[in-house]
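Chain by chain, the residues run as shown.
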Amino acid sequence: MAAASRPIPLRVSNKKAFIWDVDDIALVRSKHHICGVLSGTLPHLSQQNLFLGVPLALMPEEAVLLVENGLAVLVDDPTAHPQPNLQHLQAWDAENQAEIERQVTLLEVKGSKENPNSQAMSAEAQRKRQAREEKRAAKAKAKLMQDSGEPNNLAEMLSIEPTQTLSPPTRESKGTSVAYTVVIPTSSSELGWYNADSSCTFKTIADAKKAGIWDYPSNLQERARCGVFRSLWEQGYFMGVGIKFGGDYLVYPGWFPAVPRSIA
């Protein structure tokens, strides 16, 4: 859960600020009345643009206001994502496999409770399958011995022994037939190789400019835009992007999703 006492990390990439944590998004919208624009595409609705998800893209004025008020810090996101080593990848894969194992176990327990005969049916199916394999192998061996004049050599080398038993399916082999959910976290903060230390985290706009990850505001017009945005924000307005309507901002007198009236 996002804590109001800690600065919100604004992940900067190509000099644009994004918020990836859903708790941080809820915080900036509900408490700091910073709207931003959700820009992430939903996996199953990649062509739609009505219900977008994380990340939340911020206008540069929004990012500047949050940083200047001490509510957020700018994070050089590409630098904070170094190349993971083998130990990191192995630990990450082990966590994923453990989660899949947990889900499969829960599904098996649920299935056994709903259908107590399923396990017995599975064992019976395995016995039938083994009997078919043994019968098929015996026929193949008999035909090969009949066609070949060397039953003790060629036939024995090429045939499959009918006494060969089938090994029971392992968890890995039947894992593909059991549905499970793969969760992809939107934030990288929990990754073992993610490192947003002081070398790539900046508390002021000036420090971020020196590092070359941020350059707004860079001229008099941009500074004026930041001043206008701050003035409206301090009066309690909610601002959105106004380019669609030929203006700089859409200014809402209340919580903008619920209030249909705006001033461009």
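Here's a quick rundown of the structure. (Residues numbered from 1 in each chain as written. Predicted model: local features only at pLDDT ≥ 70, side-chain atom pairs only at ≥ 80, totals over all residues. Heavy atoms only, no water.)

Its location among the elements puts His 33 in the loop between helix H1 (22-30) and strand S3 (37-40). Assessed through its relative accessible area of 17%, His 33 is described here as buried. Of note is the side chain of His 33, whose polar atom sits 3.1 Å from the side chain of Trp 233. With near-sequence residues (within four places) excluded, His 33 lies in contact with Val 28, Trp 233, Gly 236, Tyr 237 and Phe 238. (Helix = DSSP H or I, 4+ residues; strand = E, 2+ residues; numbered from the N terminus. Buried < 20%, exposed > 50% of the residue type's maximum accessible area, 1.4 Å probe, protein only. Polar contact = N/O pair within 3.5 Å; in protein donor to acceptor, adjacent residues only side chain to side chain. Contact = heavy atoms within 4.5 Å.)

A few words on the pairing of strand S2 (residues 16-19). Examined bridge by bridge, strand S1 (residues 8-13) and S2 share three bridges and lie antiparallel to one another. Within S2, the position partnered with Arg 11 by the bridge is Phe 18. Linking S1 to S2, which pair antiparallel, is a turn of two residues; within it Asn 14 sits at a positive phi near 55°. Pairing of S2 with strand S4 (residues 53-57), which is carried by two bridges, proceeds in the antiparallel orientation. Bridging across to S4, Phe 18 finds its partner in Ala 57. (Pairing = 2+ DSSP bridges.)

With that settled, the discussion passes to the environment of Cys 200. Within the secondary structure, Cys 200 sits in the loop between helix H7 (171-175) and strand S6 (201-202). Excluding residues that lie within four positions of it along the chain, Cys 200 makes contacts with Leu 74, Val 75, Asp 76, Thr 79, Ala 80 and Asn 195.

What follows concerns the environment of Ala 57. Structurally, the position occupied by Ala 57 is in strand S4. As a C-alpha pair, Ala 57 and Val 37 span 20 residues in sequence and 5.1 Å in three-dimensional space. Dropping the residues within four chain positions of it, Ala 57 is found in contact with Ala 17, Phe 18, Gly 36, Val 37, Ser 39 and Glu 62.

By themselves, these observations are geometric and do not establish any function.
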